[in-house]
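Summary of the model geometry
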Amino acid sequence: MSLRQFEYALAVAEEGSVTAAAERLHVAQPSMSQQIRGLERELGVDLFARTPTGLVPTVVGRAFLREAEAAVSAARRARATARAGADELVGELTVAVQMGFGTRQLPGALSALRRRFPRVEVTVFEEPSSAELERLCRRGVVDLALMAACERTPADAHHLGDEEFVVVLGAGHPQLAADRVELRELEGESWVRFDRDSALDGVLLEVLRDNELAPATAARVSQTATAVRWAVHGLGVTLVPASAVPHRDEHLVRPVLPTVSQPVIAVVRSSAGPAETALLEFLRQETWPEPTPSSPAS
């Protein structure tokens, strides 16, 4: 087995076909097919099943691909470290962000990182589940994770600041007259909620339960930007981290009483390299809200 075969298998899983994967990696399609077949023969299993919509990983294939992803990530980091000079770093950095957190701070930190290491390629993806983020960190799949603190927060996590949650209201909503909205005043409202396994939906459910409110659901969405947009247009109200609200919609946002906030942390992989270390420092330099002394953590 080789890392190239691992990379080919990962590309096929992402694209759903050998042809598309070969085009993406600029490899001849017959060569990639041969490599995948050779990998399957060596392993003695079928990694992919053919379906009407394309190639889909088998159960064994999904297990293999998880380990292959970790191996490829480790190899990329090793190459980047070996090629790093005194003032230059070449390689890839994978950053995972818990949906809705650090929306305003991360772009500035990444811009600073780009100026510092212009040849480092950064991949950023959002993950709605804090449990999945913790699992990715534990397995070393990501280089840096930006997330809310939770019960499984690693002991070596770096606290950056506190993210306050706000309620987004439609234009003309009567609660816009208040500086802060008492949550009990939202009784009877319909809510734009998030996917059931999302940490943000967990926060909303806990907040509503603590304030003896029932979560009437207007709609469920998978992205904070969608939730804000739909709430602004009057489909229902929603509760999101303040930094997830675009500046153009801030006039339709109000903090809530009791205050809802969560600590924001960065988790860096063990044996962090210069890129991860630099990005953490740039994140620290961004403006993070101070915790509200009277606010209980949700």
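Coordinates for the structure precede this section.
Overview of the structure. (Residues numbered from 1 in each chain as written. Predicted model: local features only at pLDDT ≥ 70, side-chain atom pairs only at ≥ 80, totals over all residues. Heavy atoms only, no water.)

What about the nonpolar core?
Short version of the rule: Note on terminology: a nonpolar core comprises buried Ala, Val, Leu, Ile, Met, Phe, Trp, Tyr and Cys residues joined through side-chain atoms within 4.5 Å. Each residue is placed in one exposure class: buried if its accessible area under a 1.4 Å probe, protein chains only, is under 20% of its type's maximum, exposed if it is over 50%, and partly exposed if it falls in between. For the purposes of this entry, the term helix denotes a DSSP run of H or I that reaches at least four residues, the term strand denotes a run of E that reaches at least two, and both are numbered from the N terminus.
Within the largest apolar cluster, 57 residues are counted, with the highest numbers of intra-cluster contacts made by L113, V167, V168, L239, L279 and L283. Ranked by the residues each element gives to this core, the list is headed by helix α9 (residues 274-285), at six residues.

What to know about helix α7 (residues 199-210)
The cut-off we apply is this: How far a helix is expected to stretch is found by multiplying one less than its residue total by 1.5 Å. Think of a polar contact as two N or O atoms within 3.5 Å of one another; within protein, one of them needs to be a possible hydrogen donor and the other a possible acceptor, and neighboring residues in sequence only count if both atoms come from side chains.
With 12 residues, α7 extends 17 Å between its outermost C-alpha atoms, agreeing within 8% with the 16 Å of an ideal straight helix rising 1.5 Å per residue. Its side-chain oxygen 3.1 Å from the backbone nitrogen of L200, S198 forms the N-cap of α7. Immediately beyond the C-terminal end of α7, within one or two residues, lies E212, with a positive phi of roughly 55°.

Here's the deal with unusual backbone geometry
Cis rather than trans, the peptide bond between L257 and P258 has omega equal to -5°. Tracing the backbone shows P258 in the loop between β11 (253-257) and β12 (261-268). The phi dihedral of E212 is positive, around 55°, even though this residue is not glycine. Positionally, E212 belongs in the loop between α7 and β9 (216-221).

Some points on the packing of helix α5 (residues 105-116) against α9
The condition that has to hold: Fitted lines through C-alpha atoms serve as axes, helices being fitted only where they are in contact, and the angles separating the N-to-C directions of these axes extend from 0 to 180 degrees. Each angle is binned into one of four classes, with values under 35 degrees roughly parallel, values over 145 roughly antiparallel, values of 65 to 115 roughly perpendicular, and all other values oblique. It is the rotation of the near helix from the far one that decides the hand of a crossing: anticlockwise by less than a right angle makes it left-handed, clockwise makes it right-handed. In what follows, a contact means two residues having at least one pair of non-hydrogen atoms within 4.5 Å. Just so you know the grouping, Ala, Val, Leu, Ile, Met, Phe, Trp, Tyr, Cys and Pro go in nonpolar, Asp, Glu, Lys and Arg go in charged, and all remaining residues, Gly too, go in polar.
Across the interface, α5 lies against α9 with an axial gap of 9 Å and an inter-helix angle of 135°. With respect to α9, the axis of α5 lies oblique. Judged by the twist between their axes, the crossing of α5 over α9 is right-handed. Here Q105, L106, A109, L110, A112, L113 and R116 of α5 lie close against α9, whose contacting residues are A275, A278, L279, F282 and L283. Grouping the constituent residues of the contact of α5 with α9 by class yields 10 nonpolar, one polar and one charged.

Side note on the packing of aromatic side chains
The condition that has to hold: Each pair of aromatic rings taken from Phe, Tyr and Trp, with Trp reduced to its six-membered ring, is defined by centres within 6.5 Å and is described as stacked if the planes are under 30 degrees apart, edge-to-face if over 60, and tilted in the remaining cases.
Taken as a whole, this structure holds two aromatic pairs when the rule is applied. On the basis of an interplanar angle of 85° and a centroid distance of 5.4 Å, the ring pair of F6 and F64 is categorised as edge-to-face. On the criterion of sequence distance, the pair formed by F6 in helix α1 (residues 3-15) and F64 in helix α4 (residues 59-83) is long-range, its members being 58 residues apart. The exposure class of F6 is buried, given its relative accessible area of 15%. Judged by its relative accessible area of 14%, F64 falls in the buried class. Between the aromatic rings of F101 and F165, the centroid separation amounts to 6.0 Å while the plane-to-plane angle is 70°, which identifies the pairing as edge-to-face. Of this pair, F101 sits in the loop between β3 (91-98) and α5 while F165 is found in strand β6 (residues 158-168), placing the two residues 64 residues apart along the sequence.

With respect to the pairing of strand β2 (residues 54-57)
Put simply, the test is: Paired strands are those between which DSSP finds at least two bridges.
In this structure, strand β1 (residues 48-51) lies alongside β2, joined through four bridges in antiparallel fashion. Residue pairing in the sheet places R50 in a bridge with L55 of β2. If you look at the hairpin formed by β1 and β2, you'll find two residues sitting between the two strands.

Digging into the pattern of salt bridges
The condition is simple: The term salt bridge refers to a pairing of a side-chain nitrogen on Lys or Arg with a carboxyl oxygen on Asp or Glu at a separation within 4 Å.
Scanning the model with the defined rule gives nine salt bridges in all. R180 is paired through a salt bridge with E164; the nearest N and O atoms lie 3.2 Å apart. Of this pair, R180 sits in the loop between β6 and β7 (181-182) while E164 sits in strand β6, and the two are 16 residues apart along the sequence. Note that D249 is salt-bridged to R248, the shortest N-O span being 3.8 Å. A relative accessible area of 9% means that D249 is categorised as buried. In this structure, a network of salt bridges that share partners links the residues E14, E15 and R24.

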